[in-house]
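Breakdown of the fold
In case you want the letters, here they are:
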Amino acid sequence: MNILDELRQRFAVVLKEVAPGGEKYVELVLPSQDARFGDYQANVAMPLGKQLGRPPREIAIELIARLVQTDLQTICEPLTEQAIAGPGFINLKLRNAWLAEQLQHALSDPRLGVAPASPAKTYIVDYSAPNVAKPMHVGHIRSTVIGNALYRILKFLGHRVIGDNHIGDWGTQFGMIIYGFKHFRDEAAYVRQPVAELARLYRLVSRLVDYRATQTESPKLEARLHAARQAAETARAQTPAEPAAAKKAAKEQQRLETRIKEAQGELDSARAKIAAVDQDPALANLVSAHPEIAAEVLAETARLHAGDAENLRLWREFMPYCLEDIERIYRRLGVEFDETLGESFYHDRLAPTVNDLQARGLARESEGALCVFLPGQSTPMIVRKQDGAFLYATTDLATIAYRKERWNPDAILYVVDHRQGLHFEQLFAAARAWGHQNVELVHVSFGTVLGDDGRPFKTRAGDTVGLEGLLDEAVRRALAVVAANDRSEAPPTGAESGGRDSHSTAETVGIAALKYADLAQNRTSDYVFSYDKMLAMNGNTATYMQYAYARVRSIFAKGEVDVDALLAKNPTITVDEPAERALGLEILRFSEALQLTVADYRPNQLTTYLFELANRFSTFFEECPVLKAPTPALRTSRLCLCELTARTLRQGLELLGIDVLERM
RNA sequence: GCGCCUGUAGCUCAGCAGGAUAGAGCAGCGCUUUCCUAAAGCGCAGGUCGCAGGUUCGAAUCCUGCCAGGCGUACCA
């Protein structure tokens, strides 16, 4: 049951009677923003008045006259002209008895009264997609966490959902590992800990390649710095007299200054990188012993793609280790996939894909590359490079074709960061031109994770932050929080932390904090990463939500209430106290929150709802004694509200991929 | 140059199904504990919703222009 839908259904009938096409205004039946204007409000009379050329209030009166004939009366308190406010708002207040009835229904329903979607659709959620040859880093967290939440929510809503991890398992990174394995491997270490040894080889080769690249890049950086300095000098020499022009010149001056600073910074870090290798005799030796390493790595990659027996054998040998490595993180995060079809899976489909594009006249050669030119696109999408190699655009097109063939999805969601916006714009346009019109392709984009300096989140040394280290640190800090609570003077009551395993609690709290902080953010914007903020006991954090849940559960523990026995008696719920009513209404709005979340694929709509629910509970808990309720009937009713709150919190958090704790 | 995104309280951010007096957390000030978890709650203060136009009965929300920042922009993913 979805309250908003119920109300809109009633309004649709009446709106149609009042004006032709009037049912389109049902969208204007909305939750009230202010409790003084009722629980919901219909803002339909104003536009209708416009359409019909009649005063809005008069229309509101007519609408009410018709509505009182319908079964809206069973849901809302009797509608009178008193309900009309301002220019013609109709304020709706739900009947307490109806609310209580719906709450009782939710109590007996494992789905908490949330009706399954009808019709159910097929979604493919493409998320996480790390490069499996290298360790996962902070850049993977948002895709993984947001994607998994959307996956869980769509599934709960009754859709058929395929979670697909489109891993990078076929790129240059494997060329690096293969090269490293052939030249630098420590056999004993590989036998003992293959994952660690492969990771070491990847890092080593990538560092050597990087050294060469940086070396060739350095003169260019110097030139850029020089050019910027010169431009600044020239600009300084000629300051215009005219004020407006002078202002513009000053701004340009500033821009040049920042460019100089940037160029200087890049040059410094490049030099530092080179120096670090030069100063390490072992590394310096390797560098001079492998001068063509970059080209060699590409050659190894090419051999792998061409089906070279040895490289293919090595790739097959390495893959399980690489997968094991990312799997360990997924287990910690509680993330699962239905499919892990990476780039390698589509390898044999690339040439046919390109051939088909060419045969249909969609792709043509330009500057030696095979390109798809699309109207309205300033740059083409390249599907085959000059050297004959395919690109991720090619793979993505082949992937769409495969998914259509295998699952015939209604929608494919790509949970990928916003910097790839252009790629998806081109990909979707190309896919449609290729004939895949009847599938909704959505780039569920998200912003960058920033450090507290407002720059992309890096370690102090300027390296990318490993995902595992990030999890460890969150857990470490969570442990400090949990331990601090243990030291608090209050002796553990029914459900306080006494006796539980601090480390496993910290793991749950830490991981939850990390995930929730990401999900609570509007995904489109960048966000500033802060351990302190995500682990705060106050505010919209996982820690607060888990605490709220534990508090509710503690009531049952303290009162030694057997929930099953309570529910078996078919208890009656009442919501006559304002705090009870507010809590009950919030519980019943779970379905609306999910609806809103899915509408724009924004999990923060759900976190906002849960935070609101926790707050309503807090007020309720403050104002309405539960175990010490004045009458047994009221005690039972309030226990039911507690139970519903706990279940809604648990269900909501579970949909976000977050575990709850019975005790904190 | 062109394209996409962002600009809301001192800070970090919600709100962008167009609706009535713009919200939260933190930071600041004040209050509450013979009471089921004080890891709490309540109150006060704090805003030209980047700027200027436009559409509308009504704009933080939609449109246009400008300003500021970020990102992207033919063979990496």
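Note that the structure is a prediction, hence the values are computed from the model and not measured.

1. Examining the overall build of chain A
- Across its full length, chain A carries 25 helices and 13 strands.
- Taken over the C-alpha atoms alone, chain A extends approximately 85 × 70 × 65 Å along its principal axes.
- Every one of the 664 residues in chain A was classed for burial, and the buried ones make up 49%.
- Sequence separation of at least 24 residues holds for 75% of the intrachain contacts in chain A that already meet a minimum separation of 6.
- Taken as a whole, chain A presents about 31,500 Å² of accessible surface, with 51% of it coming from carbon and sulfur.

2. As for the nonpolar core
- In this structure, Leu7, Leu94 and Leu470 are the most contacted members of the largest nonpolar core, which totals 168 residues.
- Ranked by size, the runner-up nonpolar core spans 30 residues in total, among them Leu370, Ile400, Val416 and Leu441.

3. A closer look at the domain arrangement of chain A
- Each domain of chain A was delimited in the assignment, giving domain 1 (3-94), domain 2 (122-169 + 320-362 + 393-450), domain 3 (172-307) and domain 4 (467-655).
- Between domain 1 and domain 4, the C-alpha centre-to-centre distance is 35 Å.
- The interface of domain 1 with domain 4 comprises 8 residues on the first partner and 6 residues on the second.
- Between domain 1 and domain 4 the total buried area reaches about 600 Å² when both faces are included, carbon and sulfur atoms providing 45% of it.
- If you sort the residues of domain 1 by the area they bury against domain 4, Ile3, Asp39 and Tyr40 come out on top, with a joint share of 50%.
- Between the two partners, domain 1 and domain 4, sit 1 salt bridge.
- We note a salt bridge from Asp39 to Arg581, for which the minimum N-O separation is 2.7 Å.
- At the boundary of domain 1 with domain 4, the tally comes to 5 residue pairs in polar contact (both at pLDDT 80 or more).
- For the side of domain 1 that touches domain 4, the element with the highest residue contribution is helix α1 (residues 3-18), accounting for 3 residues.

4. A few points about the pattern of salt bridges
- Across all of its chains, the model carries 37 salt bridges by this definition.
- Two residues, Glu612 and Arg616, come together in a salt bridge whose shortest N-O distance is 3.3 Å. A residue pair is termed a helical-turn pair when its members lie 3 or 4 positions apart in one helix, as Glu612 and Arg616 do in helix α24 (residues 604-623) at 4 residues.
- A cluster of three or more residues bridged by salt bridges with shared partners is formed by Glu17, Arg54, Glu58, Glu62 and Arg66.

5. Re a negative patch on the surface
- A cluster of acidic residues, Asp576, Glu577, Glu622 and Glu623, forms a negative patch on the protein surface.
- In this fold, Glu622 is placed in helix α24.
- With a relative accessible area of 65%, Glu622 lands in the exposed category.

6. Considering the packing of helix α9 (residues 194-237) against helix α12 (residues 293-305)
- Put simply, α9 and α12 touch, their axes get as near as 8 Å, and they point 130° apart. In this view, α9 runs oblique relative to α12, as classed from their interaxial angle. Here Val205, Leu208, Val209 and Arg212 of α9 come into contact with α12, specifically with Ile293, Ala294 and Val297.
- Across the contact of α9 with α12, the residue classes break down as 6 nonpolar, no polar and 1 charged.

7. So, the environment of Gln51
- Among the structural elements, Gln51 can be located in helix α2 (residues 45-52).
- On the basis of relative accessibility, which here comes to 35%, the residue Gln51 falls in the partly exposed class.
- Sequence separation between Gln51 and Ala480 is 429 residues, and the spatial gap between their C-alpha atoms is 63 Å.
- Those residues in contact with Gln51, other than ones at most four positions away along the chain, are Ala19, Pro20, Lys24 and Tyr25.

8. What about the sheet that holds strand β10 (residues 411-417)?
- Strand order in the open sheet formed by 4 strands is β6-β5-β10-β11, with parallel pairing between adjacent strands. Edge positions in the open sheet fall to β6 (160-164) and β11 (440-446), since each of these has one partner strand only. Adjacent strand axes in the sheet meet at a mean angle of 20° when their direction is disregarded.
- Examined bridge by bridge, β10 and β11 share 7 bridges and lie parallel to one another. Within β11, the residue paired with Leu413 across the bridge is Val442.
- The strands touched by helix α15 (residues 392-407) are β5 (122-126), β6, β10 and β11; relative to β5, the strand with the most contacts, the crossing angle is about 145°.
- Those strands touched by helix α16 (residues 421-433) are β10 and β11, and its axis lies near 180° from that of β11.

9. Topic: the side chain of Arg142
- Relative to the helices and strands, Arg142 resides in helix α6 (residues 141-156).
- Sequence-distant contacts of Arg142, defined by excluding residues within four places in its chain, comprise Gly147, Phe446, Gly447, Thr448, Val449, Asp518, Gln521, Asn522, Arg523, Ser525 and Tyr527.

10. Focus on the packing of α15 against α16
- Interaxial distance between α15 and α16 falls to 10 Å at its minimum, and their mutual angle equals 45°. When the interaxial angle is binned, α15 and α16 end up oblique. For the pair α15 and α16, the crossing hand works out as right-handed. Residues Tyr392, Ala393, Asp396, Leu397 and Ile400 of α15 form the contact with α16, whose participating residues are His423, Phe424, Leu427, Ala430 and Ala431.
- Among the residues making up the contact of α15 with α16, the classes are represented as 8 nonpolar, 1 polar and 1 charged.

11. Brief notes about α9
- The terminal C-alpha atoms of α9 lie 62 Å apart, and with 44 residues this matches the ideal 64 Å at 1.5 Å per residue to within 8%.
- A bend of about 35° at Glu217 is the largest found in α9, and the proline Pro219 appears one to four places after it.

12. A few points about helix α5 (residues 96-107)
- Compared with an ideal rise of 1.5 Å per residue, which puts 12 residues at 16 Å, α5 spans 16 Å between its outermost C-alpha atoms and is within 8% of the ideal.
- Within the sequence span of α5, burial applies to Trp98, Leu99, Ala100, Gln102, Leu103, Ala106 and Leu107.
- In the core, the buried residues of α5 are packed alongside α1, α4 (72-75), α21 (563-568), α22 (578-588) and α25 (632-655).

13. Comments concerning the sheet that holds strand β9 (residues 381-384)
- A sheet is described by the order of its strands in space; here 3 strands give the open sequence β7-β8-β9, paired in antiparallel fashion. Each of the sheet's edge strands pairs with one partner strand only, and the pair in question is β7 (363-366) and β9. For this sheet, the mean inter-axis angle between neighbouring strands, taken without regard to orientation, is 45°.
- Here 4 bridges tie β7 to strand β8 (residues 369-372), and the two strands are oriented antiparallel to one another.

14. With respect to the confidence of the model for chain A
- Summarising the model, chain A shows a mean pLDDT of 90, and 95% of its residues fall at 70 or more.
- By mean pLDDT, the top-scoring element of chain A is β6 (98), and the lowest-scoring one is helix α10 (residues 243-279) (75).
- Low pLDDT, under 50, characterises residues 488-499; the predicted model gives this stretch 17 contacts beyond four residues in sequence or across chains.

Criteria and thresholds
- Each chain carries its own residue numbering, running from 1 in the written order of its sequence.
- Numbering of ligands from 1 and lettering of chains from A proceed in the order in which they are written.
- With pLDDT at 70 or above as the cut-off, local features in this predicted model cover only qualifying residues; side-chain atom pairs require 80 or more to be listed or tallied, and sums for whole chains, interfaces and linings still use all residues.
- Each side-chain value is worked out from all heavy atoms of the structure, with water and hydrogens disregarded.
- Put simply, DSSP marks the helices as runs of H or I at least four residues long and the strands as runs of E at least two long, and each gets a number from the N terminus on.
- For each residue, the accessible area found with a 1.4 Å probe, counting protein chains only, is set against the maximum for its type, and the residue is called buried under 20%, exposed over 50%, and partly exposed in between.
- For this analysis, residues touch if any pair of their heavy atoms sits within 4.5 Å.
- Every accessible area reported is derived by Shrake-Rupley at a probe size of 1.4 Å, with residue values counting cover from the shown protein chains alone.
- The definition of a nonpolar core used throughout is a set of buried Ala, Val, Leu, Ile, Met, Phe, Trp, Tyr and Cys residues joined through side-chain atoms within 4.5 Å.
- The split of the chain into domains comes from an automatic or database domain assignment.
- The term buried area denotes the loss of accessible surface (1.4 Å probe radius) that occurs when two parts are joined, taken as the sum for both partners.
- The term salt bridge refers to a pairing of a side-chain nitrogen on Lys or Arg with a carboxyl oxygen on Asp or Glu at a separation within 4 Å.
- We call two N or O atoms a polar contact when they sit within 3.5 Å, provided that within protein one can donate a hydrogen and the other can accept it, with sequence-adjacent residues counted only if both atoms are side-chain atoms.
- Any residue with relative accessible area above 30% and no salt bridge may belong to a patch, with like charges joined within 9 Å and the nonpolar Val, Leu, Ile, Met, Phe, Trp and Tyr side chains within 5 Å.
- Counting rule for charge: Lys and Arg are taken as positive, Asp and Glu as negative, and neither His nor the chain ends is counted.
- Charge positions come from single atoms, namely NZ of Lys, CZ of Arg, CG of Asp or CD of Glu.
- Axis lines are fitted to C-alpha atoms, over the contacting stretch for helices. Their N-to-C directions set the angle, which ranges from 0 to 180 degrees.
- We call two directions roughly parallel when the angle between them is under 35 degrees, roughly antiparallel when it is over 145, roughly perpendicular when it lies between 65 and 115, and oblique otherwise.
- Ten residues, namely Ala, Val, Leu, Ile, Met, Phe, Trp, Tyr, Cys and Pro, are considered nonpolar, four, namely Asp, Glu, Lys and Arg, are considered charged, and the remaining ones, Gly among them, are considered polar.
- By the convention used here, strands pair only if DSSP detects at least 2 bridges between them.
- When the near helix sits turned anticlockwise from the far one by under a right angle, the crossing is termed left-handed; a clockwise turn instead gives a right-handed crossing.
- Each helix should span, by expectation, one fewer than its residue count multiplied by 1.5 Å.
- Note that the bend at a residue is defined as the angle between axes fitted to the seven residues ending at it and the seven residues starting at it.
- Each residue carries a pLDDT value, the predictor's own confidence for that position, ranging from 0 to 100.

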